[in-house]
Amino acid sequence: MKTYRGDRTIDGIEVTVDGQPLDPRIDLLALSQNGFEWSYEGAEPAQLALALLAAHTGNDVRAKVEHLAFMRDVVANFGNEWEMTSADIDEALAAMRPTG
């Protein structure tokens, strides 16, 4: 299980997956020229949502389709420091889907 962490440090924003920097995936979709951010809705949180979903799902198409909803429902609600496991992301994705 992977662990994703974000922190605002004296040196700036730091986002890791299992202790390594998270790839922003601007090759997939360049939403922000300013890197990652969170705790609001905007380009930088959307880039983080995209990167988290691409890393977690391994599915670039799914990450592009679901990143805006994930940003609104999850990333925009992060505090200054946050941590999510793979299970947390799966739970958040399941909660985003309408029940039928």
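Quick note: structure is the one above.
Being a predicted model, the structure only gives us computed values, none of them experimental.

Here is what the cut-offs are and how they apply
Residues numbered from 1 in each chain as written. Predicted model: local features only at pLDDT ≥ 70, side-chain atom pairs only at ≥ 80, totals over all residues. Heavy atoms only, no water. Helix = DSSP H or I, 4+ residues; strand = E, 2+ residues; numbered from the N terminus. Rg over C-alpha atoms; globule rule 2.2 N^0.38 Å. Buried < 20%, exposed > 50% of the residue type's maximum accessible area, 1.4 Å probe, protein only. Contact = heavy atoms within 4.5 Å. Areas by Shrake-Rupley, 256 points an atom, 1.4 Å probe, with all protein chains shown as cover. Lys, Arg positive; Asp, Glu negative; His and termini not counted. Charge placed at Lys NZ, Arg CZ, Asp CG, Glu CD. Polar contact = N/O pair within 3.5 Å; in protein donor to acceptor, adjacent residues only side chain to side chain. Core = buried A, V, L, I, M, F, W, Y, C linked by side-chain atoms within 4.5 Å.

Participant: Residues and numbers for the overall build of the protein chain, please.
Facilitator: A count of helices and strands for the protein chain gives 3 helices and 4 strands. Along the protein chain, helices (α) and strands (β) appear in the sequence β-β-β-α-α-β-α when read from the amino end. A compact globule built from 100 residues would reach a C-alpha radius of gyration of about 13 Å, and the protein chain, at 12 Å, matches this within 12%. Overall, the protein chain is about 45 × 25 × 25 Å in size when its C-alpha atoms are taken along their principal axes. Classification of the 100 residues of the protein chain by burial places 42% in the buried group. Sequence separation of at least 24 residues holds for 55% of the intrachain contacts in the protein chain that already meet a minimum separation of 6. Carbon and sulfur atoms form 48% of the exposed surface of the protein chain, whose accessible area is close to 5600 Å². Positive and negative side-chain charges in the protein chain, numbering 8 and 17 respectively, have mean positions lying 7 Å apart.

Participant: Quick rundown of the environment of R25? Include the residues and the values.
Facilitator: Along the chain, the position of R25 falls in the loop between β3 (20-21) and α1 (43-57). The exposure class of R25 is buried, given its relative accessible area of 16%. Sequence separation between R25 and A51 is 26 residues, and the spatial gap between their C-alpha atoms is 5.6 Å. The contact partners of R25, leaving out residues within four places of it in the chain, are Q47, L50, A51, A54 and D60. One polar contact links R25 to D60, side chain to side chain, over a distance of 3.1 Å.

Participant: Can you tell me about the nonpolar core, naming the residues and giving the values?
Facilitator: Among the nonpolar cores identified, the biggest contains 27 residues, and L22, L48, L52, F70, V75, F78 and W82 are the most heavily contacted of them. Every element with two or more residues in this core is listed here: β2 (12-17), α1, α2 (60-73), β4 (82-85) and α3 (86-96). Top contributing element to this core by residue count: α1, with 8 residues.

Participant: Residue-level account of the side chain of H56, with values.
Facilitator: With respect to the element layout, H56 can be found in helix α1. Residue H56 is classed as buried on the basis of its relative accessible area of 17%.

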